[in-house]
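Letter by letter, the chains look like this.
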Amino acid sequence: MDLTGASAVVIGGTGGFGSATVRRLVAAGATTVIADVRDDAGKALADELGEKAVYAHTDVTSDASVAETFRVAEDLGPVRAVVVVHGGGGAGGRLLGRDGTPVPTELFAQSIDIFLNATYRALSIAAASIARSEPLDSGQRGVVVTTASIAGLEGQVGQTAYGAAKAGVIGLTLPAARDLAPVGIRVVTIAPGTFFTPAFGMSEEEAYQRFGTAIQNPKRMGRADEYAALALHIVDNDYLNGETIRLDGALRFPASPKKG
Ligand SMILES: NC(=O)c1ccc[n+]([C@@H]2O[C@H](COP(=O)([O-])OP(=O)(O)OC[C@H]3O[C@@H](n4cnc5c(N)ncnc54)[C@H](O)[C@@H]3O)[C@@H](O)[C@H]2O)c1
């Protein structure tokens, strides 16, 4: 899909995956809205990238906030590409603590709210925005890329809520693509394995030794730009739709992250 003259939105746009995706969307010619809650980081990234990047404070847990961000994007050009890649939630914790007490349902629900409900919110408001644009000659209007995790397929110890939320994102993909087919909007999900981000608080090699040794090939953690490259390929390739793509170096999560 040609992004010249179009706008794009990255929700979680200052994060590891998000900022790498913003850079690639801008390079591909889209005026890109960096949607995030981290104002300083968002403004710094927009300043660095110039007039093709715009920061909009966006709280993905709020309908009004997300809708306002898409109003901003529509003013910049028809919205053609949206990448939903925010973080902000926890894993949930072991179902039963050492004393036998279960993780409270409220804690479970918090992760579902940020990872699954907010992904639905972003996807649905994005779809309404893209649907307001004129279709391209191909009949296509745009694409929404969402972010799951391989934990949505093989969640590890302590990941009840995260695994369930990411499984929900995977489950959302095909019916959303089917619902949006009549308006020419595609929906594709990326399920990353283990990627190195500054959030690990250690060097890449140390993080690999502690959490990445089950990765098959390449024998290293993933890099954010590899996520961004796949996101841009999905935007470009009209025939990818309704699918979840693993991006994991053939990693299959063992039960515990430290016993890979
Ligand atoms: N890094 C990995 O190894 C990995 C693996 C699998 C899946 N993922 C998934 O990818 C996504 C992003 O991961 P990342 O490593 O880039 O994380 P990150 O922490 O670097 O970035 C997440 C971004 O989301 C933003 N955010 C948090 N709460 C928000 C809110 N309420 N509204 C809007 N933005 C909000 C943060 O400010 C941050 O910029 C997450 O959904 C994560 O579960 C990451």
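We now turn to the structure provided with this report.

What counts and how
- Residues numbered from 1 in each chain as written.
- Predicted model: local features only at pLDDT ≥ 70, side-chain atom pairs only at ≥ 80, totals over all residues.
- Heavy atoms only, no water.
- Near = heavy atom within 4 Å.
- Polar contact = N/O pair within 3.5 Å; in protein donor to acceptor, adjacent residues only side chain to side chain.
- Areas by Shrake-Rupley, 256 points an atom, 1.4 Å probe, with all protein chains shown as cover.
- 1 Å grid on protein atoms, 1.4 Å probe; cavity = no way out; pocket = protein on both sides within 12 Å on 5 of 7 lines; lining within 4 Å.
- Sits in = over half its atoms within 2 Å of the grid points.
- Salt bridge = Lys/Arg side-chain N within 4 Å of Asp/Glu carboxyl O.
- Buried < 20%, exposed > 50% of the residue type's maximum accessible area, 1.4 Å probe, protein only.
- Points joined across faces, edges and corners; volume = space filled by probe spheres on them.
- Helix = DSSP H or I, 4+ residues; strand = E, 2+ residues; numbered from the N terminus.
- Nonpolar A, V, L, I, M, F, W, Y, C, P; charged D, E, K, R; others polar.
- Axes fitted to C-alpha atoms, helices over the stretch in contact; angles between N-to-C directions.
- Parallel < 35°, antiparallel > 145°, perpendicular 65-115°, else oblique.
- Left-handed = near helix turned anticlockwise from the far one by under 90°.
- Contact = heavy atoms within 4.5 Å.
- Pairing = 2+ DSSP bridges.
- Phe/Tyr/Trp six-rings, centres within 6.5 Å; stacked < 30°, edge-to-face > 60°.

Digging into the site of the ligand
Looking at the ligand, there are 27 residues lining it, with Gly-16, Asp-36, His-86, Tyr-162 and Phe-195 nearest. For the ligand, an oxygen atom lies 2.9 Å from a polar atom in the backbone of Phe-17. Considered on its own, the ligand offers 830 Å² of accessible surface; in the complex 83% of this is hidden by protein. Cavity membership is defined here by more than half of the atoms lying within 2 Å of grid points; on that basis the ligand lies in the largest pocket.

Some words on the pattern of salt bridges
Summed over all chains, the structure comprises 11 salt bridges. Residue Asp-248 pairs with Arg-246 through a salt bridge whose shortest N-O separation is 2.7 Å. A relative accessible area of 13% places Asp-248 in the buried class. Residue class for Arg-246 comes out partly exposed when judged on its relative accessible area of 25%. Of the charged contacts, one joins Arg-252 and Asp-248 as a salt bridge, the two residues approaching to 3.2 Å between their closest N and O atoms.

A closer look at the layout of surface pockets
Rolling a probe over the atoms, with the probe sized like a water molecule, indicates the empty space that remains. Space inside the largest pocket adds up to approximately 1400 Å³. In terms of lining residues, the largest pocket is bounded by 47 residues, among which Phe-17, Gly-87, Tyr-162, Thr-197 and Ala-199 are the most central. When residues of the lining of the largest pocket are traced back to their parent elements, those giving at least two are helix H1 (16-27), strand S2 (31-36), helix H4 (105-131) and helix H6 (160-180). Take the lining of the largest pocket: its biggest share by element is four residues, from H1. When the residues that make up the lining of the largest pocket are grouped by side-chain class, the tally is 23 nonpolar, 20 polar and four charged.

Some words on the packing of H1 against helix H8 (residues 224-236)
One way to put it is that H1 packs onto H8 with a least axis distance of 8 Å and a crossing angle of 50 degrees. Between H1 and H8, the angle is such that the two are oblique. In this structure, the crossing between H1 and H8 has a hand that is right-handed. Between H1, through Gly-16, Phe-17, Ala-20, Thr-21, Arg-24 and Leu-25, and H8, the contact on the second element is made entirely by Ala-224, Asp-225, Tyr-227, Ala-228, Ala-229, Ala-231 and Leu-232. Within the contact of H1 with H8, the residues separate by chemical class into nine nonpolar, two polar and two charged.

Re the pairing of strand S4 (residues 79-84)
In terms of burial, S4 is a largely internal element, six of the six residues being buried. Where strand S1 (residues 7-11) meets S4, five bridges bridge the pair, whose relative direction is parallel. Across the sheet, the residue bridging to Ile-11 is Val-84, located in S4. Where S4 lies against strand S5 (residues 142-147), three bridges are found, and the strand directions are parallel.

A closer look at the environment of Arg-210
For Arg-210, the location among the structural elements is in helix H7 (residues 204-212). Taking the C-alpha atoms as reference points, Arg-210 and Pro-257, 47 residues apart in sequence, are found 8.0 Å from one another.

So, the packing of aromatic side chains
Summed over all chains, the structure comprises five aromatic pairs. Both rings, one in Phe-17 and one in Tyr-227, keep their centres 4.4 Å apart while their planes meet at 10 degrees; by these two values the pair is stacked. Of this pair, Phe-17 sits in helix H1 while Tyr-227 sits in helix H8; the two residues are 210 residues apart in sequence, bridging distant segments of the chain. With respect to class, Phe-17 is no different from Tyr-227; both count as buried. Ring geometry for Phe-200 against Phe-211: centres 5.7 Å apart, planes inclined by 35 degrees, an arrangement best described as tilted. Separated by 11 residues along the polypeptide, Phe-200 in the loop between strand S6 (185-192) and H7 and Phe-211 in helix H7 bring together distant segments of the chain. In textbook terms, an aromatic cluster arises when at least three aromatic residues are bridged by ring pairs, as seen for Phe-17, Phe-195 and Tyr-227.

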